[in-house]
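Report on the structure
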Amino acid sequence: MSHANREAVKFAYWVPNVSGGLVISNIEQRTSWTIDYNRKLAQIAEENGFEYALSQIRFTAGYGAEFQHESVSFSHALLESTKTLKVIAAILPGPWNPALAAKQIATINHLTNGRVAVNVVSGWFRGEFAAIGEHWLDHDERYRRSEEFIRALRGIWTEDNFTFRGDFYRFNNYSLKPKPIDPQPEIFQGGSSRAARDMAARVSDWYFTNGNTPDQIAKQVNDIRQKAKESDHSVRVGVNAFAIVRETEEEAKAVLAEIIEKANPEAVNAFGHEVKNAGKASPEGKGNWAKSSFEDLVQYNDGFRSNLIGTPRQVAERILDLKRAGADLILLGFLHFQEEVEYFGKYVIPLVRELEAAEALQPVAAE
Ligand SMILES: Cc1cc2nc3c(=O)[nH]c(=O)nc-3n(C[C@H](O)[C@H](O)[C@H](O)COP(=O)(O)O)c2cc1C
C-alpha cells in the first residue's frame, strides 16, 4: 500500500548549532556553529524553499561536537532573524521538565507568530546523562517519560485547569496564560525502536527517523500508520538524509568516498558502540542504529543510506521515491551548509516540484 500524499514534500535542514558538522570526519567542512553563520544560513534556507530548521540538543562533547549552543535560545535567535522559517527546538526530558518547556515555547510562539516547534528527544548518550547528574533510565522508560512529557505539553497548551497524574510528572489545576496562538507548536520526535514508534503513533505530530532506503522507510511508515489508526491519531514522517549534490555523479561519489576515507575510526567506533548499546537496551534489541555499518555511522543519523548523493536530477528522483514510501518531509545535512543549502534550493527543489506536478497528472491507481 502506498502512503504517498499529494501535498508537496517539505524540506528541513539540521541547524549546525554544535561544532564539527554532521559527519565524524576530518574532511574540510566550511560550516560553522556560530550564531552569525547560522543566522545567514537560516535566511538562505527560507529564501530557497526550506520550510523547517531542526536544532540539536547536546550537553557535552561526544564524538565530535566539542562546542554546543543550547537549542531553545538558539532557535529563538534564528526565528528573530527570519520571516517564514519554522524552527524546531530540541528538548530533552530530564533536564527540561514540561512546565518550563511549555511556558518557554508558548512565549517564543507569541514572539515569533507561531513559528516555533519542538523535537522531544529521548536520549542515547549515557555519558552525557552521567556528566550532568541525570538518571539514565532504561530504554523503554525513557520513552514512557517522553510520552508523558508530550501529553503534558499538549494538555498545558490547550486546557485550562490541566490535571495530570503520571509516573514522572504531575499537574494540578494548572492554567497556562497566555496559551500559544495558532498554529499550535508542532511536536516532533526522534527514534526508530518499537517504543519510539508506539509513542509516535499515540501522541506525536511528526516522527523523525534515521536515513534508510525507500523499502525500509515504507515498512516503518506502514507499521506506524497502522498503529496510529488504532489510536485514532495521525502522524507524519520525516526522513534524515545527508545530501551530496554535484554536477556529476562521479563528483558526488568522490566527496562521499573522501568523507569516509578521512573518518576518524576511533570516534566512529566509539559512537557506534554507544548508540548500539542504547538501542540494544530496547526489549526487541533494535533501534535507530541496529543495522548501521562503519560507513553509515560516519554520519550521525545514517544519512548516507537515503542515497541523496548524485546529480540534481538523480537526487530529485530519489526524493520522489522516499515520498512514495511515505516520507512527508526530508531532513537534510550537508558538508558546506550555506553553499549547499542554496544549491539544493536552486537546483533540486524545483525538479522535485516538477516531478510532483507530473505525478499529480497521473490517474490514481486503485488500491
Ligand atoms: C532527526 C533526529 C534528531 C535527533 N536529535 C537529537 C538531539 O538533538 N539530541 C539528542 O540527544 N538526541 C537526538 N536524537 C536521538 C533520539 O531522540 C533517540 O534517542 C535516538 O534516535 C534513539 O532512539 P531509538 O532507540 O528509539 O532508536 C535525534 C534523533 C533523530 C532521528
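Refer to the structure presented above.
What counts, and at which threshold
- Residues numbered from 1 in each chain as written.
- Predicted model: local features only at pLDDT ≥ 70, side-chain atom pairs only at ≥ 80, totals over all residues.
- Heavy atoms only, no water.
- Helix = DSSP H or I, 4+ residues; strand = E, 2+ residues; numbered from the N terminus.
- Rg over C-alpha atoms; globule rule 2.2 N^0.38 Å.
- Buried < 20%, exposed > 50% of the residue type's maximum accessible area, 1.4 Å probe, protein only.
- Contact = heavy atoms within 4.5 Å.
- Areas by Shrake-Rupley, 256 points an atom, 1.4 Å probe, with all protein chains shown as cover.
- Lys, Arg positive; Asp, Glu negative; His and termini not counted.
- Charge placed at Lys NZ, Arg CZ, Asp CG, Glu CD.
- Pairing = 2+ DSSP bridges.
- Near = heavy atom within 4 Å.
- Polar contact = N/O pair within 3.5 Å; in protein donor to acceptor, adjacent residues only side chain to side chain.
- Nonpolar A, V, L, I, M, F, W, Y, C, P; charged D, E, K, R; others polar.
- Axes fitted to C-alpha atoms, helices over the stretch in contact; angles between N-to-C directions.
- Parallel < 35°, antiparallel > 145°, perpendicular 65-115°, else oblique.
- Expected span 1.5 Å × (residues − 1).
- Left-handed = near helix turned anticlockwise from the far one by under 90°.

**Regarding the overall build of the protein chain**
- A count of helices and strands for the protein chain gives 12 helices and 12 strands.
- For 367 residues, the compact-globule estimate of 2.2 N^0.38 gives 21 Å, and the C-alpha radius of gyration of the protein chain, at 20 Å, lies within 12% of that figure.
- Burial statistics for the protein chain: of 367 residues in total, 57% are counted as buried.
- The long-range share in the protein chain, meaning contacts at least 24 apart out of those at least 6 apart in sequence, stands at 76%.
- For the protein chain, the accessible surface area stands at approximately 15600 Å², while carbon and sulfur atoms represent 50% of it.
- Taken as two groups, the 42 positive and 49 negative side-chain charges of the protein chain have centres that lie 4 Å from each other.

**Overview of the pairing of strand 5 (residues 162-165)**
- Only one face of strand 5 is buried: it carries Phe162 and Phe164, and the other face, with Thr163 and Arg165, is open.
- Bridge analysis of strand 5 against strand 6 (residues 170-174) gives three bridges, and the strand direction is antiparallel. Looking across to strand 6, one finds that Phe162 is bridged to Tyr174.
- Counting the residues in the hairpin turn of strand 5 and strand 6 gives four residues.

**Focus: the site of the ligand**
- In the neighbourhood of the ligand, 23 residues make up the surrounding shell, with Ile57, His139, Tyr143, Ser193 and Asn288 lying closest.
- Contact distances for the ligand include 3.1 Å between an oxygen atom and a backbone N or O atom of Ser122.
- Between the ligand and Ser192, the relevant distance is 3.1 Å, taken from an oxygen atom to a main-chain nitrogen or oxygen of the residue.
- Per-class residue counts for the shell around the ligand are 10 nonpolar, 13 polar and no charged.

**Observations regarding the packing of helix 2 (residues 71-80) against helix 3 (residues 98-111)**
- Relative orientation of the contacting elements helix 2 and helix 3 amounts to 5 degrees, with a least axis distance of 11 Å. Here helix 3 runs roughly parallel to helix 2, going by the angle between their axes. The residues of helix 3 that touch helix 2, namely those facing Val72, His76, Leu79 and Glu80, are Gln104, Ile105, Ile108 and Leu111.
- Here the contact of helix 2 with helix 3 is built from residues that sort into five nonpolar, two polar and one charged.

**Topic: the sheet that holds strand 9 (residues 236-242)**
- Taken together, the eight strands give a closed barrel; going around it, the order is 1-2-3-4-7-8-9-12, and neighbouring strands pair in parallel fashion. On average, adjacent strands in this sheet sit at an angle of 25 degrees to one another, irrespective of strand direction.

**Quick look at unusual backbone geometry**
- The linkage connecting Lys177 with the following residue, Pro178, adopts the cis geometry, with an omega of 0 degrees.
- Here Pro178 shows up in the loop between strand 6 and strand 7 (187-190).
- Look at the link from Asp182 to Pro183: it is a cis peptide, with omega at -5 degrees.
- Despite not being glycine, Ala65 has its phi angle at roughly 55 degrees, a positive value.
- Among the structural elements, Ala65 can be located in the loop between strand 2 (52-54) and helix 2.
- On the accessibility criterion, Ala65 (2% relative accessible area) is buried.
- One non-glycine residue, Asn173, adopts positive backbone phi at about 45 degrees.
- Position of Asn173 relative to the elements: it lies in strand 6.

**So, the environment of Leu329**
- Tracing the sequence through the fold places Leu329 in strand 12 (residues 329-333).
- The sequence separation of Leu329 and Ile319 amounts to 10 residues, and the corresponding C-alpha distance is 9.6 Å.
- Apart from residues no more than four positions distant in its own chain, Leu329 is found in contact with Val9, Lys10, Ala12, Tyr52, Phe188, Trp206, Phe208, Val237, Gly238 and Val239.

**Quick notes on helix 11 (residues 312-324)**
- Spanning 13 residues, helix 11 covers 18 Å between terminal C-alpha atoms, matching the ideal 18 Å at 1.5 Å per step.
- Among the residues making up helix 11, those that are buried are Pro312, Gln314, Val315, Ala316, Arg318, Ile319, Leu320, Leu322 and Lys323.
- Remark: Gly326 follows helix 11 within two positions and exhibits a positive phi of approximately 120 degrees.

**Digging into the packing of helix 6 (residues 194-203) against helix 7 (residues 214-230)**
- Running from N to C, helix 6 and helix 7 cross one another at 50 degrees; their axes reach a closest spacing of 8 Å. If you check the angle between helix 6 and helix 7, you find them oblique. Every pair of crossing elements has a handedness; the one defined by helix 6 and helix 7 is right-handed. Residues Arg194, Arg197, Asp198 and Ala201 of helix 6 lie in contact with helix 7, whose contacting residues are Gln220, Asp223, Ile224, Lys227 and Ala228.

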